Amino acid sequence: MPHIDFVRLALRPVPVPRAAPASLATPWPWFAGLAFLVAVSAGCATSSGPASSGGSAGSSGSGASSGIPGGYNLGGTEAGALSNSAPDATLGDTLADGAVVSSDGALIESVSIAPANPTLVVTITDDASGNVTVDAPTQSFTATSGGANVNVGWSVDRGEIGSISPSGLFTPSGTTAGTAHVIAGFGTMQMSTTVTVVIKRTQNGFTGAVNSTSSGGYGGVGGSGPGGPVSSDQMTALQGTPAADPARTFLYPYDKTVWPRGLLAPLLQWTQGANDATAVALHLQSANYTYDGYFGRPAALGTGAFVNHPIPQDVWQQATESTDASDSLGVSVVFLAGGAAVGPIEESWIVASGILQGTVYYQSYGTQLVQNTDQPAQDGSYFGAAILAIKPGETAPRLAAGTNSAPGAKLGSGAGCRACHSVAAQGGSLITQDNAYPYAQTSLYSLQTGNETQVFGTVPATAAPPYPLSWAALSPDGTYALTNAVWMGSSTDDKTELYQIGAGGMPTPVAAAGLGADLVGATPVFSPDGAHAAFTHVSGTLGALTGDGTHVVAVDFAGGAGGASFSNPKNVFTLATPGTSCVGFPSFLPTNDALLVQLQLVGCGDGNQNSNTSYGQYVGTARYTYSPSAPLPAEIWWTDVATGTQHRMDALDGYNPDGTSYLPTGPNNHGMDSTLNYEPTVNPAPSGGYAWVIFTSRRLYGNVATIDPSSSDPRDFDYAHEVTTKKLWVAAIDLNAPPGTDPSHPAFYLPAQELQAGNARGFWVLDPCAPDGTSCQSGDQCCGGYCQAGGDGGLVCADMTATCSQYGDKCGGSSKCCDPAALCINSICSPATPPPPPPR
């Protein structure tokens, strides 16, 4: 089934409502008569203002009783109840309560829609060759008054679920299940009912081409690909009552994971159990969506154990698009093992109502996109160190910074290496340390043009410290760089300084008020709104504070033509056990009022080969960060800026509420993977009601990446045949969580990473905004701030002031959002974190 991107839209009371994207397979026929959108009034029994409870896309019922996405009533009821007894009405009059005079001069006292709240069941069948058959029944709606048909304008509020013709014929899209409002407009009256589309999909195996040559493995997530069809006897057995097998459990994904939409499908991974499986039955279930897939052993397995299987990509897209935030998506797997069905193993997931914005820029040590290493791997092959980029939903990374060694130069020189980096949150620029150790050259990249400007150091790398921009914090627009005064365990610059990035990318020092002359700060960061900064206060003075390495401080920042200044310094995270722990890598949440940090559970400088671990500076990325006998542990914590209340991110790190770990354990020193989490960076834009953090982890990735957590440098292990566990993971975080609680959810593996490479330090940054007239999905992609209907019915960027702002549109406060419960975060409307749905 082809990939189709959908945008979930909310009705707003403006003359021209936002239409569906032009890429939809079916048109979105908005109201035939638009007059009733101007005055939203439907009689004495209804109201025209915002619904008191907001309303959601999955609400049942109609009119004022249910609400419509965005928090606005459509008014009316199925029965109409639209009456008026004014004695002197004439043709065309619209009366005070919204009733309309018909062509014969009589009042239309009530309008009814039939049928009320129907349910349509779409059946989808996949054959083993990849052909998909869709049986989608249609539904005809009528509007009547006094037994006579009324000519109304028809529309439906969720075009991804289906479309409706001018005559009232509703046709399911066949791609998304859920509940939509069918809306009838007549003059200034409007009535609505719901239509629920249920999808039931079955599949028996896959025999098409399986391309597993991608650097990220099959489907960007690894494994052996899908299995072929099962026999009728095997299917009968799998559909029977299975026997329990306590030895067979899920390894990945984790129970209660929160998924965004638009990702590559995850790889289901499990323990082998008492007997290896010969076939599996995969079951996905939400309120309106059911999938049953039956698969034999994948051909690529050979004699290997059958311990993982992908969810087909089009099934995953359909399942996540069909599961609302108020629902949950259940998954279960039954196995045919030893000639009988065993299981099931089961989990329940949450699906956020949005896609992830932006691009991840990360350091890869072992990439095959360039070759510039200073030494070969154990098998004699060369690899590369570079900065790569992945946009969620893409199937492979792309090269952002780094080059092959120069032709004719010794490959082992290290020339062309680009590794340690920082990125501006709005996606304009990137700075990186270059070339061979000791990384004495710094370059600035334009992420729009790819142009590289060397700003410090010499080539070849012979210069001694200082390296002023090593892991400096870039302001969101890339105008300023706040330097990191601690580099690889030793001071490389005598103080933390502020630089302004001028024309051509060249930085110049700025005298900033409030920045002490002796200040030494580590791993600095700017907030998404650019009005704050934070770093580990290593030493020196900052206002009334004196640094000793035990605190993270937050300060207010102001820049511009009037000069730069730092003010209101505050300790926001304090080490509970100074000397035996170490804190670094702060990162602001999109709300700008809370921080995540890396809490290293050993003291600063307690490296086993050198002092690369100072202030969390290099944990998770250094070649010698680990030894097989004593890996350096770290966790991700969060703190509230206003109160300084700090709490471990239990679910993200891998802990149950009682403090035990839910992560799978295994050989090769993976007994405490909940303490192998590093370098958090938060996406500056919330999505689907959550903030999203990307972090480095050396935990097990199911049964795909299982080697020792210290093995990440291709020179130190069998790089050609073993998969390092040093990878990027993502977790959802509740917005506006109470201080002192755990706002996190279990993490998921970022798809499309190169499996063989060691990947670290992801920066999740927003893509540059698009100019007016450019195709868009939401307003936060647009320079003008709004994503509106264009002349062809598609969505395009616009600069206009709407009556209210939809999710993703520009806002001047939460009251400007169409949904009364929405949050205005960094001037963008965002849904609030929904309450957790009941498990399925």
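On a predicted model such as this, the values are computed, not experimentally measured, just so you know. Residue indices begin from 1 for each chain and proceed along its sequence in written order. It should be noted that, the model being predicted, local features are given only for residues of pLDDT at least 70 and side-chain atom pairs only at 80 or more, the latter also being counted only at that level, while totals for whole chains, interfaces and linings use all residues. Hydrogen atoms and water are omitted, and side-chain values are computed over all heavy atoms in the structure.

The secondary structure listing takes helices from DSSP runs of H or I that are at least 4 residues long and strands from runs of E that are at least 2 residues long, numbered from the N terminus. Along the backbone of the protein chain there are 4 helices and 53 strands. Taking all 840 residues of the protein chain together, the buried fraction comes to 58%. Summarising the internal contacts of the protein chain: among those between residues at least 6 apart in sequence, 61% fall at separations of at least 24. Accessible areas in this description were obtained via Shrake-Rupley with a 1.4 Å probe; residue shielding takes into account the shown protein chains only. Of the roughly 29100 Å² that the protein chain leaves accessible, carbon and sulfur atoms contribute 54%. When accessible area is computed with a 1.4 Å probe and restricted to protein chains, residues below 20% of their type maximum are described as buried, those above 50% as exposed, and intermediate ones as partly exposed. Residue contacts follow a heavy-atom distance rule, with two residues in contact if any of their heavy atoms lie within 4.5 Å.

As a further point, take the confidence of the model for the protein chain. With 79% of its residues at a pLDDT of at least 70, the protein chain reaches an overall mean of 80. Note on residues 458-466: pLDDT under 50 across the span, and 14 contacts to partners over four residues away in sequence or across chains. Segment residues 488-492: pLDDT under 50, and 14 contacts once partners within four positions in sequence are set aside and those in other chains are kept. Scored between 0 and 100, pLDDT is the confidence that the predictor attaches to each residue.

Two cysteine sulfur atoms make up a disulfide if the distance between them is within 2.5 Å. Applying the stated rule across the entire model yields 6 disulfides. Linked covalently through their sulfurs, Cys769 and Cys783 form a disulfide whose S-S length is 2.0 Å. A torsion of 90 degrees about the S-S bond marks the disulfide between Cys769 and Cys783 as right-handed. With Cys769 in the loop between strand 49 (758-765) and strand 50 (786-789) and Cys783 in the loop between strand 49 and strand 50, this residue pair connects regions lying 14 residues apart in the sequence. For Cys783, a relative accessible area of 45% gives the class partly exposed. For Cys417, which is in no disulfide, the shortest distance to another cysteine sulfur is to Cys420 and amounts to 7.9 Å. Residue class for Cys417 comes out buried when judged on its relative accessible area of 6%. The class of Cys420 is buried, set by a relative accessible area of 2%.

The next subject is the environment of Thr179. In this fold, Thr179 is placed in strand 12 (residues 178-186). On the basis of relative accessible area, Thr179 is assigned to the buried category, the value being 9%. Taking C-alpha positions, Thr179 is 8.8 Å from Thr119, a pair spaced 60 residues apart along the chain.

The pairing criterion for strands is at least two bridges between them, as found by DSSP. Taken together, 3 strands build an open sheet; the order of strands is 14-16-19 and the sheet is antiparallel. Each having just a single partner strand, strand 14 (250-252) and strand 19 (308-310) make up the two edges of the open sheet. Here the strands of the sheet are splayed against their neighbours by 30 degrees on average, with no regard to which way each runs. The convention used is that axes are lines fitted to C-alpha atoms, helices contributing only their stretch in contact, and that angles between N-to-C directions extend from 0 to 180 degrees.

By way of backbone hydrogen bonds, the strands of a sheet pair with one another, either parallel or antiparallel. The 4 strands lie next to each other as 41-42-43-44, forming an open sheet whose pairing is antiparallel. Both outer strands of the open sheet, strand 41 (582-588) and strand 44 (646-648), are each paired with one neighbouring strand and no more. Going across the sheet, the axis of each strand differs from the next one's by a mean of 30 degrees, ignoring polarity. Pairing of strand 42 (residues 594-600) with strand 43 (residues 634-640), which is carried by 7 bridges, proceeds in the antiparallel orientation. The residue of strand 43 that forms the bridge with Leu599 is Glu635.

Let us now look at the packing of aromatic side chains. Between rings of Phe, Tyr and Trp, where Trp is taken as its six-membered ring, a pair exists when centres lie within 6.5 Å; planes separated by under 30 degrees are stacked, by over 60 edge-to-face, and by other angles tilted. The tally for this structure, following the rule as stated, stands at 24 aromatic pairs. Look at Phe383 and Tyr719: their rings are 5.8 Å apart centre to centre, the planes differ by 45 degrees, and that puts the pair in the tilted class. Of this pair, Phe383 sits in the loop between strand 22 (359-367) and strand 23 (384-390) while Tyr719 sits in the loop between strand 46 (690-697) and strand 47 (727-734), and the two are 336 residues apart along the sequence. Pair check on accessibility: Phe383 and Tyr719 agree, each one buried. An aromatic cluster is present here, built from Tyr252, Tyr254, Tyr662, Tyr701, Trp729 and Tyr749 joined pairwise through their rings. Our definition puts a charge over a ring when NZ of Lys or CZ of Arg is within 6 Å of the ring centre and also within 35 degrees of the ring normal. We note Arg248 situated over the ring of Phe335; from NZ or CZ to the ring centre the distance is 4.5 Å. Over the aromatic face of Trp471 sits the side chain of Arg761, whose NZ or CZ is 4.9 Å from the ring centroid.

We now examine the environment of Gly427. Mapped onto the elements, Gly427 comes out in the loop between strand 25 (418-423) and strand 26 (429-434). Since its relative accessible area comes to 4%, Gly427 is described here as buried. Excluding anything up to four places from it in sequence, Gly427 contacts Leu447, Gln448, Val765, Leu766 and Pro768.

Most of strand 43 sits inside the fold, with 7 of its 7 residues counted as buried. Of the two faces of strand 43, the one holding Ala634, Ile636, Trp638 and Asp640 and the one holding Glu635, Trp637 and Thr639 are both buried throughout. As defined by bridge partners, strand 43 adjoins strand 44 across 3 bridges and the pair is classed as antiparallel. Note on strand 44: the bridge partner recorded for Trp637 is Arg648.

Quick look at unusual backbone geometry now. Cis peptide bonds are those with omega within 30 degrees of zero, and the linkage from Tyr252 to Pro253 qualifies with -5 degrees. In this fold, Pro253 is placed in the loop between strand 14 and strand 15 (258-261). Even without being a glycine, Glu679 presents a positive backbone phi close to 50 degrees. Positionally, Glu679 belongs in strand 45 (residues 677-682).

The next subject is the pairing of strand 25. Along strand 25, 6 of the 6 residues are buried, which leaves the element largely enclosed by surrounding structure. As paired strands, strand 25 and strand 26 are joined by 4 bridges and run antiparallel to one another. Among the inter-strand pairings, Arg418 is bridged to a residue of strand 26, identified as Asp434. Hairpin connection of strand 25 to strand 26: 5 residues between the antiparallel strands, including Gly427 at a positive phi of 80 degrees.

Attention shifts here to the nonpolar core. Only buried residues count toward a nonpolar core. Its members are Ala, Val, Leu, Ile, Met, Phe, Trp, Tyr and Cys residues joined through side-chain atoms within 4.5 Å. Counting residues in hydrophobic clusters, the biggest one holds 104 residues, and the most contacted among them are Trp154, Phe170, Leu268, Leu596, Trp692 and Tyr701. Among the nonpolar cores identified, the runner-up in size contains 17 residues, and Leu482, Phe526, Leu542 and Val555 belong to it.

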